[in-house]
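Spelled out, the chains give:
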Amino acid sequence: MDDSSASYIHLVHHLIEECLIFNMSKEECVEALSKHANIKPVITSTVWNELEKENKEFFEAYTRGRDQRVTETEKRQRIQSRLIEDGKDD
């Protein structure tokens, strides 16, 4: 791998880390990097997969935590919707 390929992969790696900071899923990250950084989805997906292989425990915990936060957010949204609906009936 030449220096330019290595630095490109390093850039994608760094951008994926930024996606993780923003609690994005793999799909959201692939879409964001494609749209905002003009990185082909296959590149982002490949680098993400390699990071998952190298950091299996981290990604398992990340996915569990992310899924839990999504579930909690959905619960809050359902409760808020119900409260709004109940308020309309008054």
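Here, every reference points to the structure presented above.
Residues numbered from 1 in each chain as written. Predicted model: local features only at pLDDT ≥ 70, side-chain atom pairs only at ≥ 80, totals over all residues. Heavy atoms only, no water.

Regarding the packing of aromatic side chains
One pass over the structure, following the stated rule, counts three aromatic pairs. For the pair F58 and F59, a centre-to-centre distance of 5.2 Å together with 90° between the ring planes defines the contact as edge-to-face. In this structure an aromatic cluster arises from ring pairing among W48, F58, F59 and Y62. (Phe/Tyr/Trp six-rings, centres within 6.5 Å; stacked < 30°, edge-to-face > 60°.)

Here we look at the environment of A61
As for its placement among the helices and strands, A61 is situated in helix α4 (residues 56-89). When the C-alpha positions of A61 and C29 are compared, they lie 18 Å apart, and in sequence the two are 32 residues distant. (Helix = DSSP H or I, 4+ residues; strand = E, 2+ residues; numbered from the N terminus.)

Thoughts on unusual backbone geometry
Residues other than glycine seldom take positive phi values, yet N23 does so here, at roughly 60°. The exposure class of N23 is partly exposed, given its relative accessible area of 23%. With a phi close to 55°, N38 is a non-glycine residue in the positive phi region. Checked against the element boundaries, N38 lands in the loop between α2 (26-37) and α3 (41-54). Accessibility expressed as a relative area gives 67% for N38, which makes it exposed. (Buried < 20%, exposed > 50% of the residue type's maximum accessible area, 1.4 Å probe, protein only.)

Observations concerning the packing of α2 against α3
Orientation of α2 relative to α3, taken along the N-to-C sense of each, is 140°, at an axis distance of 9 Å. It follows that α2 is oblique to α3 by the angle criterion. Seen along the crossing, α2 lies across α3 with a hand that is right-handed. Residues K26, C29, V30, L33 and S34 of α2 touch α3, and the partners they reach there are P41, T44, S45, W48 and N49. Grouping the constituent residues of the contact of α2 with α3 by class yields five nonpolar, four polar and one charged. (Axes fitted to C-alpha atoms, helices over the stretch in contact; angles between N-to-C directions. Parallel < 35°, antiparallel > 145°, perpendicular 65-115°, else oblique. Left-handed = near helix turned anticlockwise from the far one by under 90°. Contact = heavy atoms within 4.5 Å. Nonpolar A, V, L, I, M, F, W, Y, C, P; charged D, E, K, R; others polar.)

Quick look at helix α1 (residues 3-21)
The first and last C-alpha atoms of α1 sit 27 Å apart over 19 residues, in line with the 27 Å expected at 1.5 Å per residue. Among all positions of α1, only V12, I16, C19 and L20 are buried. Down the axis, α1 shows its buried residues gathered within 100° of arc, on one side only. Exposed residues lying more than 90 degrees from the buried face of α1 are D3, H10 and I21. N23 occupies a position one or two residues after α1 and carries a positive phi of about 60°. (Expected span 1.5 Å × (residues − 1). Arc of directions from axis to C-beta.)

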